[in-house]
Amino acid sequence: MTRALAEGYPDAHCELDFTTPLELSVATILSAQCTDVRVNLTTPALFAKYRTAADYAGADRTELEEFIRPTGFYRNKANSLIGLGAALVEKHGGEIPATLDELVKLPGIGRKTANVILGNAFGVPGITVDTHFGRLVRRWEWTAEEDPVKVEHAVGALVPRKDWTMLSHWVIFHGRRVCHARKPACGACLLYRDCPSFGAGPTDPDQAAKLVKGEEGPHLIALAERTREGYRPGKPTG
């Protein structure tokens, strides 16, 4: 299944725009209960105004709230960003730390956010258990756990550590594009032969194809068709 996901999403990546660990940390905090698309529309002006941890620590709260208002829950998020800036200045020389233990002590950063930062800003393997990830791995029966930390550990035991960050991207991409919560595109899924929940959505290829989202759609539908014909990722074809 991981080989199939890797083939289906060779360009999978963090869909939040950033150039520094601080920018990724801020964007990830803003992404709570908000789409990555909306965050990416909001952060250019924000990042131009607030360039350092000290900028967030000394921010005018009302002004900061206006910058991030489109992402929702802007008062709580402003609290987190100001607190994050202050903590970084006070304890880390204004820099984002690169360990899980230090990250989760920072305002606004839980284990999920910390793994996003580690994997994408520092190259430290981490599994990001967001709603898509947890939903899909339970649908695939990789684990029955509901608690995100237990899901992280259970899946981490199944997959080589070096693949943890990319696995997170592959699964999240698949959840957003094919394996939808209410109506998965089963008949157009590249995991057709291996998914124990096949049939949760339309199995007719034509009907399912209409549910596939994203620019990768034609590629994913073609892979699903090959899978129905007996193709197995990573196996010789000739």
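Below: a short report on this structure. (Residues numbered from 1 in each chain as written. Predicted model: local features only at pLDDT ≥ 70, side-chain atom pairs only at ≥ 80, totals over all residues. Heavy atoms only, no water.)

**Brief notes about the layout of surface pockets**
Part 1: By volume, the largest pocket is sized at about 880 Å³.
Part 2: As for the largest pocket, its lining consists of 33 residues, and the residues nearest its centre are Ser-31, Cys-34, Asp-36, Asp-130 and Arg-176.
Part 3: Listing elements by their share of the lining of the largest pocket, those giving two or more residues are helix H2 (21–30), helix H3 (36–49), helix H6 (74–91), helix H8 (111–121), helix H9 (131–139) and helix H11 (164–177).
Part 4: Ranked by residue count, the leading element in the lining of the largest pocket is H11, at six residues.
Part 5: A breakdown of the residues in the lining of the largest pocket according to their chemical character gives nine nonpolar, 16 polar and eight charged. (1 Å grid on protein atoms, 1.4 Å probe; cavity = no way out; pocket = protein on both sides within 12 Å on 5 of 7 lines; lining within 4 Å. Points joined across faces, edges and corners; volume = space filled by probe spheres on them. Helix = DSSP H or I, 4+ residues; strand = E, 2+ residues; numbered from the N terminus. Nonpolar A, V, L, I, M, F, W, Y, C, P; charged D, E, K, R; others polar.)

**A few points about the packing of helix H5 (residues 61–68) against H6**
How two helices pack is summed up by the angle between their axes together with the distance between the axes.
Part 1: The geometry of H5 relative to H6 is characterised by a closest axis approach of 9 Å and an angle of 120° between their N-to-C directions. Here H6 runs oblique to H5, going by the angle between their axes. Once H5 is placed against H6, the crossing between them reads as right-handed. The residues of H6 that touch H5, namely those facing Arg-61, Leu-64, Glu-65 and Ile-68, are Tyr-74, Arg-75, Lys-77, Ala-78, Asn-79, Leu-81 and Ile-82.
Part 2: Its residues placed into classes, the contact of H5 with H6 shows six nonpolar, one polar and four charged. (Axes fitted to C-alpha atoms, helices over the stretch in contact; angles between N-to-C directions. Parallel < 35°, antiparallel > 145°, perpendicular 65-115°, else oblique. Left-handed = near helix turned anticlockwise from the far one by under 90°. Contact = heavy atoms within 4.5 Å.)

**Some points on unusual backbone geometry**
Part 1: Although it is not a glycine, Gln-33 sits at a positive phi angle of roughly 55°.
Part 2: As for its placement among the helices and strands, Gln-33 is situated in the loop between H2 and H3.
Part 3: Non-glycine residue Phe-73 carries a positive phi angle of around 50°.
Part 4: Looking at where Phe-73 falls in the secondary structure, it is placed in the loop between H5 and H6.
Part 5: Judged by its relative accessible area of 54%, Phe-73 falls in the exposed class. (Buried < 20%, exposed > 50% of the residue type's maximum accessible area, 1.4 Å probe, protein only.)

**Re empty space enclosed by the protein**
Part 1: Taken as a whole, this structure holds one cavity of 30 Å³ or more when the rule is applied.
Part 2: Of the volumes computed, that of the largest cavity is approximately 100 Å³.
Part 3: Lining the largest cavity are 14 residues, with Cys-179, Pro-184, Cys-186, Cys-189 and Cys-195 positioned closest to its centre.

**Quick word on the pattern of salt bridges**
Part 1: Within this structure, the stated rule accounts for 10 salt bridges.
Part 2: Arg-177 serves as the salt-bridge partner of Glu-15, at 3.0 Å between the closest nitrogen and oxygen. With Glu-15 in the loop between helix H1 (2–8) and H2 and Arg-177 in helix H11, the pair connects residues that are 162 residues apart, well separated along the chain.
Part 3: On the basis of relative accessibility, which here comes to 23%, the residue Glu-15 falls in the partly exposed class.
Part 4: Its relative accessible area of 9% is what places Arg-177 among the buried residues.
Part 5: Within the structure, one salt-bridge network assembled from shared partners comprises Glu-15, Asp-36, Arg-176, Arg-177 and Glu-216. (Salt bridge = Lys/Arg side-chain N within 4 Å of Asp/Glu carboxyl O.)

**Section: the environment of Arg-139**
Part 1: Tracing the backbone shows Arg-139 in helix H9.
Part 2: Residue classification places Arg-139 among the buried positions, given a relative accessible area of 15%.
Part 3: Apart from residues lying up to four places away in sequence, Arg-139 is in contact with Cys-179, His-180, Ala-181, Pro-184, Pro-196 and Ser-197.
Part 4: A distance of 3.0 Å separates a polar atom in the side chain of Arg-139 from the backbone oxygen of Ala-181. (Polar contact = N/O pair within 3.5 Å; in protein donor to acceptor, adjacent residues only side chain to side chain.)

**With respect to the packing of aromatic side chains**
Part 1: One pass over the structure, following the stated rule, counts five aromatic pairs.
Part 2: A centroid spacing of 6.0 Å and a plane angle of 75° characterise the contact between Tyr-9 and Phe-173, whose relative ring orientation is edge-to-face. Within this pair, whereas Tyr-9 is found in the loop between H1 and H2, its partner Phe-173 is found in helix H11, the two being separated by 164 residues in sequence. Neither residue differs from the other here; Tyr-9 and Phe-173 are each classed as buried.
Part 3: Judged by centre distance (4.7 Å) and plane angle (70°), the ring pair of Tyr-192 and Phe-198 falls under edge-to-face.
Part 4: Since its relative accessible area comes to 32%, Phe-198 is described here as partly exposed.
Part 5: By way of ring pairs, the aromatic residues Tyr-50, Tyr-56 and Phe-67 are connected into one cluster.
Part 6: Directly above the aromatic system of Phe-173 lies the positively charged group of Arg-177, at a separation of 3.8 Å from the ring centroid. (Phe/Tyr/Trp six-rings, centres within 6.5 Å; stacked < 30°, edge-to-face > 60°. Lys NZ or Arg CZ within 6 Å of the ring centre and 35° of its normal.)

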